[in-house]
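Inside the fold
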Amino acid sequence: MAGSDTTVDAVAPPDTVKILIAGGFGVGKTTMVGSVSEIAPLRTEEPLTTAGLGIDDLDGIEQKRATTVALDFGRITISQELVLYLFGTPGQQRFWFMWNDLSIGALGAVVLVDVRRPESSFAAIDFFERREIPFVVGVNGFHGEHPYPAEEIRDSLALPEHVRVLLCDARERESCRDVLIALIDQLIADARKVS
């Protein structure tokens, strides 16, 4: 129309970042994605069956009744400029082949650790170290308990100094958000070193 101002303020879409939430069987990946996601998370949980007897190690997590068989998906908006897409990996060893596909395009990861069973997260740490995908470690305090300080956990997992170790509770949104922000801070610092 002549004489009318048709200028529309363009708003740039936010940057999106793919983040993996990984770790061993039963460490709280599905819980973390669900507690922090601003959308109803996609879950691919199925009941544990007798087919997993002798394969799935339920020591310390005997009450577990379901498991992720593909992935979990959630989203969290950090700011108007940044949205995180969260992909929770399956924890059972027989589903680890999916990690390669899930890691395509991921800028970073959170490796969840259960201090009752720290050995269940060694494979996830190794996965990201070998692929040089930056990660932070979130130590999930089951029942709100954190019996070991972060530095002691770092030493027991033989993590390098640059890998942040954070105590968290996968059930609490703010706690999970803080772990994700620590990862984003690390990714930004790494990008500045390269520039």
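Residues numbered from 1 in each chain as written. Predicted model: local features only at pLDDT ≥ 70, side-chain atom pairs only at ≥ 80, totals over all residues. Heavy atoms only, no water.

What follows is about the overall build of the protein. When its secondary structure is counted, the protein shows five helices and eight strands. Helices (α) and strands (β) of the protein occur, in sequence order from the N terminus, as β-α-β-β-β-β-α-β-α-β-α-β-α. In the protein, which comprises 195 residues, the share counted as buried stands at 46%. Of the contacts made within the protein by residues no fewer than 6 positions apart, 73% connect residues no fewer than 24 positions apart. Here the protein has roughly 10700 Å² of accessible surface; of this, 55% comes from carbon and sulfur atoms. (Helix = DSSP H or I, 4+ residues; strand = E, 2+ residues; numbered from the N terminus. Buried < 20%, exposed > 50% of the residue type's maximum accessible area, 1.4 Å probe, protein only. Contact = heavy atoms within 4.5 Å. Areas by Shrake-Rupley, 256 points an atom, 1.4 Å probe, with all protein chains shown as cover.)

This model, assessed by the stated rule, comprises six aromatic pairs. Both rings, one in W99 and one in F127, keep their centres 5.3 Å apart while their planes meet at 85°; by these two values the pair is edge-to-face. Placement of the pair is W99 in helix 2 (residues 97-103) and F127 in helix 3 (residues 122-131), with a sequence separation of 28 residues. An identical accessibility class is assigned to W99 and F127; each is buried. Taken together, W99, F127, F128 and F135 form an aromatic cluster joined through their ring pairs. Sitting over the ring of F87, K18 keeps its end group 4.8 Å from the ring centre. (Phe/Tyr/Trp six-rings, centres within 6.5 Å; stacked < 30°, edge-to-face > 60°. Lys NZ or Arg CZ within 6 Å of the ring centre and 35° of its normal.)

This part takes up helix 4 (residues 150-157). Of all the positions in helix 4, only A150, I153, R154 and L157 are classed as buried. Each buried residue of helix 4 sits inside an arc of 105° when the element is viewed along its axis, so together they form one side. Residues of helix 4 that are buried in the fold lie against strand 6 (106-114), helix 3, strand 7 (135-140) and strand 8 (165-168). Of the residues trailing helix 4, A158 is marked for its positive phi of about 55°. (Arc of directions from axis to C-beta.)

Here the focus is the sheet that holds strand 5 (residues 82-88). Strand pairs in the sheet, formed through backbone hydrogen bonds, run parallel or antiparallel to each other. With mixed pairing, six strands are arranged side by side in an open sheet as 4-5-1-6-7-8. At either margin of the open sheet sits one strand with a lone partner, and together these are strand 4 (72-79) and strand 8. Strand-to-strand twist across the sheet, computed as the mean angle between neighbouring axes with direction ignored, equals 25°. Pairing geometry for strand 7 and strand 8, over four bridges, is parallel. Counterpart to N140 in the pairing with strand 8 is C168. (Pairing = 2+ DSSP bridges. Axes fitted to C-alpha atoms, helices over the stretch in contact; angles between N-to-C directions.)

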